[in-house]
Amino acid sequence: MCKVQKTIVNRVKTLCKERNLSYYMLAHQSGVPTTTMFHLVDGTTQSTRITTIVKICSGLGMTLEEFFGTSEFEELLQVVSEED
């Protein structure tokens, strides 16, 4: 699993824990199929579509900016910028 995907997975897990939400409940609230949600969090999914992240954000009541606005994503952006 690539660093970006790992960071997305960790962010979803952290947000669920902070909000005391099961992955099943998040899937239900966001309109993401349960199997998709479980494949995301167990690392089976190698690349998460932005549309899935948008739905997850909607289910969490947050914006994409809030989802990606963490130091972990900022560090990834710096690494990607340096690689170009």
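That block above? That's the structure.
What you are looking at is a predicted structure, and each value in this text was computed from that prediction instead of being measured.

## Here's the deal with unusual backbone geometry
Positioned with a positive phi, Asn-20 is a non-glycine residue whose angle comes to about 55°. Considering the arrangement of structural elements, one finds Asn-20 in the loop between helix H1 (3-18) and helix H2 (23-30). With a relative accessible area of 73%, Asn-20 lands in the exposed category.

## Topic: helix H4 (residues 50-60)
Along H4, the residues that are buried comprise Thr-52, Ile-53, Ile-56, Cys-57, Gly-59 and Leu-60. In an axial view of H4, the angular spread of the buried residues amounts to 160°, which keeps them on one side of the axis. Turning to H4, the residues buried within the fold contact H1, H2, helix H3 (34-41) and helix H5 (64-68). At the C-terminal side of H4, Gly-61 shows a positive phi close to 70°.

Thresholds applied
- Residues take numbers from 1 onward in each chain, read along the sequence in its written order.
- Since the coordinates come from a predicted model, pLDDT governs what is reported: local features require at least 70, and pairs of side-chain atoms require 80 or more to be given and counted, while whole-chain, interface and lining totals use all residues.
- For the side-chain quantities, the full set of heavy atoms in the structure was used; hydrogens and water were omitted.
- Note on conventions: DSSP H or I runs of at least 4 residues are helices, E runs of at least 2 residues are strands, and numbering of each starts at the N terminus.
- Partly exposed describes any residue whose relative accessible area lies between the buried limit of under 20% and the exposed limit of over 50%, with all areas from a 1.4 Å probe on protein chains only and scaled to the type maximum.
- To be clear, the arc concerns the directions from the helix axis to the C-beta atoms.
- Two residues form a contact once any of their heavy atoms are found within 4.5 Å.

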